[in-house]
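Fold and geometry: a report
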Amino acid sequence: MPQTTNLRLLLSSANHRYRHPLSAAAASFHLPQNLSFSASFPFSLKTHLRNRKSPPLFHTFSSYSKKQHSSKNENRNSGPFSRNKTSLRESVKKMDSGSEKGGVLAMEEREGSAGFNKKRAEGRDESDRPKKLQLKVRTLNPANTIAYVQILGTGMDTQDTSPAVLLFFDKQRFIFNAGEGLQRFCTEHKIKLSKIDHIFLSRVCSETAGGLPGLLLTLAGMGDEGMSVNMWGPSDLKYLLDAMKSFIPNAAMVHTRSFGPSPGSPSMVLQSLDNPFVLIDDEVVRISAVLLRPDKEEVSQGKNSHKPSSPEPTLNATKPGDLSVIYICELPEIKGKFDPKKAAALGLRPGPKYRELQLGNPVKSDSQDIMVRPSDVMGPSVPGPIVLLVDCPTLLHFRDLLTIQCLAPYYVDTANEVNEGSKIVNCVIHLTPLSITRTDDYRMWMLKFGAAEHIMAGHQMKNIQVPILKASARLAARLNYLSPQFFPSPGFWTLPNMGLPSEAQASHEGLLLENQQISAENLLKFHLRPYANLGLDRSSIPNLSSHSEIIQELLTEIPEARDASENAARLLSDCASMTEEPWLLEDAVPSCLEDITREDMEIVLLGTGSSQPSKYRNVSSIFINLFSKGSILLDCGEGSLGQLKRRFGVQGADEAIRGLKCIWISHIHADHHTGLARILALRRDLVKGSPHEPTLVVGPRQLKRFLDAYQRLEDLDMQFLDCNHTTEAALEAFDLKEGNPMNHTSMNVESSLFARGSPMRSYLTKPPSPAAQILKSLKKVLGEAGLEALVSFPVIHCLQAYGVVLQAASRINSVGKTIPGWKVVYSGDTRPCTELVRAAHGATVLIHEATFEDAMMDEAVARNHSTTMEAVEMGDSAGAYRIILTHFSQRYPKIPVFDETHMHKTCIAFDMMSVNLADVHALPRVLPYLKVLFKDEMIVDESEDV
C-alpha cells in the first residue's frame with residue numbers, strides 16, 4: 001500500500017478536496033487561505049457531519065495475512081477495509097450487547113470488531129523474536145590517514161547525562177559512554193551509530209548508560225540481519241545486563257565484556273588493581289582500562305604514628321555502581337621515513353630488503369659484509385598519540401587515583417622532562433564533575449601530564465551550550481512565536497533562565513577555567529592523525545543562534561507568520577469568554593471547566609514520537625503538572641529528564657522531580673520506560689536527607705523485573721504497583737475489603753476486552769496484601785494531589801499493555817456549587833478497542849496515540865497501533881471533549897499526515913507543547929494557524945514513492 005505522500009497536507013490547502021467517504025458535503029468542503037478567518041467549521045456543516053454515520057473503521061480482520069500486509073499497491077477501496085459498513089459507534093454497541101464471550105476471541109467473532117494482530121497482542125508475534133546478531137568483521141587500516149577524538153555533547157545543556165566521546169578511525173569507531181539522548185544527538189549531526197564497533201562505559205549507572213538500551217534495540221533492528229556491538233565496562237556491568245534482559249532480547253547483548261573482580265567479593269578488597277586491563281590491542285589502537293574504587297579507609301596511619309601497622313590495609317568492599325574507569329587509548333608509533341640514499345650507501349639495492357627494513361627487520365648488505373639495521377636507514381620514529389579519559393566521580397575515588405602506580409609511565413616530572421620509559425600523553429578528557437576538578441589537589445594531579453591538553457567535559461558552566469539539540473529547539477522557537485500560550489518553552493535559553501549562574505557570577509566564584517584547560521564544546525575534535533594536524537580542531541562546532549535570529553529567519557522565510565501569530569493571539573483572547581463562536585455553543589464547554597484557573601492542571605507533552613528518538617520528536621512522555629499539588633508522569637521514554645529541564649529549566653525541573661507523586665508506565669516497550677531510572681535516581685538524590693516517601697511507580701509486571709534487577713546496581717528509592725492492581729475490578733475489590741464506598745470511573749470490567757477466560761486477562765479481583773499496602777499509599781498520594789482516582793485499563797497492543805484514567809476530585813466554587821472534576825485519559829499504545837471507549841467516556845481530554853496515517857492501515861494493524869482517523873473516531877465515540885494526538889511514527893519528522901476535516905475538536909501534539917486546562921477549549925482552533933510553519937511540508941513529490 002503506498003504511503004500516498006500527497007496526503008501530507010498538514011491542514012488541507014485551499015485546492016485540496018477531502019476524499020474520505022464521510023459525506024458529500026465534507027468531500028467538497030475546504031478552508032480559505034486567509035488566516036484571519038474563524039478557525040472552526042461552519043455550524044451548519046458541522047451539524048450535518050455529526051448527523052452522518054461515521055466512516056467504516058471497524059472490520060473483521062481474523063484473516064489478516066502477510067500477503068495482504070505486503071501488497072503495497074493494493075487499492076484501498078477494494079480491499080478488506082471497505083467491506084464493513086458498520087460505524088464505530090454501532091460496533092461498540094454490538095460489543096456491549098449481551099454476548100458472554102470476551103477477550104480476543106469475542107472480538108474476532110463479532111463483525112463489528114477492530115482488526116488487530118492477535119499474536120502480537122499475546123506476545124507471540126514472530127516479528128518480535130530476537131535475531132541471531134553477529135558482529136561484522138571490519139578490515140582494519142593500520143595507516144589510518146584520519147583519527148581523532150570528539151566530544152558528543154549529550155547532556156551538556158541540561159546536565160542530566162554524562163557526555164559521550166567518539167574515538168574515530170578510518171575503519172573503526174569507539175564510543176565512550178552512552179547517556180540518554182545520544183541517538184537523537186547523533187541523528188541530528190549525521191554521526192552514524194551503525195558504524196560503531198565498541199561501546200565503553202566509564203561507570204555503570206543511569207547517567208552514563210541511560211541511552212544504551214535504546215541504542216542496542218536500534219542496532220538490532222537495522223536491516224534484515226540486525227547489528228551488534230562489543231560492550232565493555234567494569235564488572236558491575238552484569239547488573240545492568242541482567243536488568244535489560246527483561247525487555248531486550250539476549251541476542252542484542254551477546255557481545256558484552258566486563259573486567260575486574262566482582263563487586264563486594266573478597267578479591268575486590270584484597271587484590272591489587274595496579275595493572276591495567278588490556279581490552280583491545282591491534283595494529284590500530286591499544287585500549288587499556290584502569291579501575292578506580294572509592295577509598296573508604298577512614299583512618300590512615302601517619303608517618304609518626306606509634307600504633308602498630310597492619311600488614312595489609314583493609315578497605316570496605318566496593319558496592320555495585322561504585323567502580324569507575326580510566327581508559328587509556330594509545331596509537332602505534334609513527335615510524336621514521338625510509339632514506340634510500342643511506343640504504344644505497346650501505347650497499348643495498350632496491351628490492352624486497354627495503355620493505356623488510358621498513359617493517360623493522362635487519363637485512364644483510366648486498367655488496368658489503370655487514371648487517372643493516374632499520375635505524376641505519378630510517379628517520380627517527382614519532383611516538384603514537386595517547387589519549388586518557390578520566391572519570392573520577394567522588395573525592396573517595398580521587399584518593400584511590402593518587403595511589404595508582406600503573407599511571408606513573410604517563411607522568412612527567414615537575415620540569416616537564418620526560419623520564420626514560422615514560423609515555424607522552426597528548427590529551428586528557430576529564431568526565432570528572434566540577435566539584436572534584438576545582439580542587440587544588442586535582443589540579444596538581446593534572447600537572448603531572450606536562451604539556452598535555454586537558455578537555456574539561458564534566459558538568460561545568462562554560463561547557464553548557466544552549467541548546468544542544470538545535471533542530472528541535474529551532475522548531476520550538478518558531479512554535480513559541482506563533483502561540484506562546486501553548487508553547488511557552490522558547491526553544492533557546494539563557495543561562496539564568498536555566499537556573500544556572502551567569503558568567504560574571506562564575507568568575508567571581510573562581511569557576512572559570514585556566515588557559516591550560518579547554519572547555520569542552522559540542523563536536524570539539526582533537527586530531528590524532530595525520531600527525532601534522534595533531535591538536536584541537538573547532539571547525540565542526542556548530543554556531544549558536546539566538547532566539548531573535550531564529551524568529552527573524554522565520555519572518556524572512558515565511559512573512560505571513562507575523563499575521564498568523566497576531567491572529568492566533570487575538571483568537572485566544574476572544575476565546576477567553578467562550579461565548580461568541582456558534583461552534584462553541586454546539587460543542588458545549590463541560591461543567592468541570594467552570595471557574596477553572598491556570599493553577600489547576602497543565603499537560604506537558606515531553607515526547608510525541610514513537611519507536612526511537614528523532615531529530616524533532618523525543619519518545620513518549622507526558623507530564624501532568626498539578627502545580628502546588630505535585631505532578632504525575634505518564635510514560636517515561638529515554639530523554640524525559642532532559643526534556644523536563646528544557647521545559648522548566650535546570651532548577652525548575654529539579655522542583656518538578658521533587659514533587660512527583662507517581663509515575664505510570666503503559667507497557668514494557670523501551671520507548672515508553674527507559675528514561676525511568678534516570679528520573680528515579682535524580683529524585684533519590686534530591687530528597688536525600690529529608691523526610692519523604694518513596695516514588696510510586698505503577699506499571700506492567702515485567703517492569704518490576706527490570707526495576708528489581710536494576711536496583712542491585714543503584715538504589716532508586718521507589719515502590720512498585722502492578723497495573724493489574726489499579727484496574728476497575730481490583731480497586732472495587734480493595735474498596736469493598738477496606739469498607740470504602742466505590743467511586744471510580746465505571747468501565748464495566750466484566751465485559752472487558754480481556755474478560756474472564758481470555759489468555760490476556762489483565763485484572764485481579766483481589767490484590768495481595770503487599771499490593772494493598774501500596775494501594776493505600778497510592779490513594780493517599782492521589783488525595784494530596786487533588787485526584788479522586790487513577791484507573792488502569794487493558795488495551796490491544798502487546799502483552800500487558802494499558803491505558804489510564806486520571807479523575808480529579810470535585811470541588812466547591814465560591815458560591816457553594818459543586819463542580820465535577822476534570823478527567824484525562826491516556827491510551828498508551830493500542831488498536832481501537834471498546835475498553836478505551838468506555839474508559840474515555842465523557843473525558844475532558846483524551847490523549848490518544850496516532851502512529852500511522854490513514855493510508856497505512858495494514859501497518860497499523862500489524863503493529864497494533866492506531867491511525868489518525870481511528871484515534872479521532874475513538875474520541876468521538878467516547879464523547880471526549882478534546883482529543884490530543886501523539887506517538888507519531890518517526891517517518892513523519894515534523895508533522896504527521898492528517899486531514900483537517902477530522903480536527904474539529906482535535907489537536908496534533910508537538911514536543912514541549914503545554915496545554916493548560918484553562919485553554920483546552922481553544923486547543924483545536926489554534927492548529928490551523930500553525931500550518932503556516934509547515935507550508936513546505938504540505939506537498940511532497942510523489943516520485944520518492946517510485
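Residues numbered from 1 in each chain as written. Predicted model: local features only at pLDDT ≥ 70, side-chain atom pairs only at ≥ 80, totals over all residues. Heavy atoms only, no water.

So, the overall build of the chain
- If you tally the helices and strands in the chain, you get 32 helices and 32 strands.
- Expressed as a percentage of its 946 residues, the buried residues of the chain come to 59%.
- By sequence separation, contacts in the chain at least 24 residues apart represent 71% of the contacts at least 6 residues apart.
- Surface summary for the chain: the accessible area is close to 38,500 Å², and the carbon and sulfur share equals 51%. (Helix = DSSP H or I, 4+ residues; strand = E, 2+ residues; numbered from the N terminus. Buried < 20%, exposed > 50% of the residue type's maximum accessible area, 1.4 Å probe, protein only. Contact = heavy atoms within 4.5 Å. Areas by Shrake-Rupley, 256 points an atom, 1.4 Å probe, with all protein chains shown as cover.)

Considerations on the sheet that holds strand S14 (residues 453-456)
- Judged by pairing direction, the sheet is mixed, and its seven strands sit side by side in the order S7-S8-S9-S12-S13-S14-S15 without closing on themselves. Here the strands that pair on one side only, and so sit at the sheet edges, are strand S7 (277-281) and strand S15 (517-519). For this sheet, the mean angle separating the axes of adjacent strands, direction not counted, is 20°.
- Across seven bridges, the pairing between strand S8 (residues 286-292) and strand S9 (residues 324-330) is antiparallel. Residue pairing for S9: valine 290 is matched across the bridge by isoleucine 326. (Pairing = 2+ DSSP bridges. Axes fitted to C-alpha atoms, helices over the stretch in contact; angles between N-to-C directions.)

Re unusual backbone geometry
- Omega for the bond connecting arginine 529 with proline 530 falls within 30 degrees of zero, at -5°, which places this linkage in the cis form.
- Tracing the sequence through the fold places proline 530 in the loop between strand S16 (525-529) and strand S17 (535-537).
- A positive phi angle is found at serine 611, which is not glycine, with a value near 75°.

Focus on the sheet that holds strand S2 (residues 164-169)
- Taken together, the eight strands give an open sheet; going across it, the order is S6-S5-S4-S3-S2-S1-S16-S17, and neighbouring strands pair in mixed fashion. Across the chains shown, the open sheet's two edge strands, defined by having one partner strand only, are strand S6 (256-259) and S17. On average, adjacent strands in this sheet sit at an angle of 25° to one another, irrespective of strand direction.
- In this structure, strand S3 (residues 173-176) lies alongside strand S4 (residues 198-200), joined through three bridges in parallel fashion. Note on S4: the bridge partner recorded for isoleucine 175 is isoleucine 199.
- Packed onto the sheet, helix H10 (residues 237-244) meets strand S5 (230-234) and S6 and runs at close to 130° relative to S5.

So, helix H26 (residues 701-710)
- Turning to H26, its buried residues are Gln702, Leu703, Phe706, Leu707, Ala709 and Tyr710. For H26, the buried positions fall inside an angular range of 165° around the axis, keeping them on one side. (Arc of directions from axis to C-beta.)

Focus on the packing of aromatic side chains
- One pass over the full model with this rule turns up 20 aromatic pairs.
- Seen from their ring centres, phenylalanine 174 and phenylalanine 200 are 6.2 Å apart, and the 35° between their planes marks the pair as tilted. Of this pair, phenylalanine 174 sits in strand S3 while phenylalanine 200 sits in strand S4; the two residues are 26 residues apart in sequence, bridging distant segments of the chain.
- Using a relative accessible area of 0% as the deciding quantity, one classes phenylalanine 200 as buried.
- Between tryptophan 445 and phenylalanine 449 the ring centres are 5.1 Å apart and the planes differ by 85°, which places this aromatic pair in the edge-to-face class. The burial state of tryptophan 445 is the same as that of phenylalanine 449; both residues are buried.
- It is lysine 448 that lies over the ring of tyrosine 411; its NZ or CZ is 5.0 Å from the centre. (Phe/Tyr/Trp six-rings, centres within 6.5 Å; stacked < 30°, edge-to-face > 60°. Lys NZ or Arg CZ within 6 Å of the ring centre and 35° of its normal.)

Things to note about the state of the cysteines
- Throughout the structure, instances matching the rule amount to zero disulfides.
- Of the cysteine sulfurs around cysteine 723, a residue in no disulfide, the closest is that of cysteine 662, at 9.2 Å.
- Residue cysteine 723 is classed as buried on the basis of its relative accessible area, which comes to 0%. (Disulfide = S-S within 2.5 Å.)

Some thoughts on a positive patch on the surface
- A contiguous patch of positive charge, built from Lys136, Lys171, Lys192 and Lys195, is present on the exposed surface.
- Relative to the elements of secondary structure, lysine 192 occurs in the loop between helix H7 (182-188) and S4. (Patch = residues over 30% accessible without salt bridge, like charges linked within 9 Å, V, L, I, M, F, W, Y side chains within 5 Å. Salt bridge = Lys/Arg side-chain N within 4 Å of Asp/Glu carboxyl O. Lys, Arg positive; Asp, Glu negative; His and termini not counted. Charge placed at Lys NZ, Arg CZ, Asp CG, Glu CD.)

Let's talk about the confidence of the model for the chain
- With 74% of its residues at a pLDDT of at least 70, the chain reaches an overall mean of 78.
- In the predicted structure, residues 1-89 sits below a pLDDT of 50 and forms 209 contacts with residues beyond four places in sequence or in another chain.
- Below a pLDDT of 50 lies the segment residues 91-113, which in the model reaches 48 contacts outside its immediate sequence neighbourhood of four places, other chains included. (pLDDT = per-residue confidence, 0-100.)

Description of the packing of helix H18 (residues 470-482) against helix H20 (residues 547-557)
- Running from N to C, H18 and H20 cross one another at 70°; their axes reach a closest spacing of 10 Å. Considered as vectors, H18 and H20 are oriented roughly perpendicular to each other. Only His547, Ile550, Ile551, Glu553, Leu554, Leu555 and Glu557 of H20 make contact with H18, whose side of the interface consists of Arg474, Ala477, Arg478, Asn480, Tyr481 and Leu482.
- Residue composition of the contact of H18 with H20, grouped by class: seven nonpolar, two polar and four charged. (Parallel < 35°, antiparallel > 145°, perpendicular 65-115°, else oblique. Nonpolar A, V, L, I, M, F, W, Y, C, P; charged D, E, K, R; others polar.)

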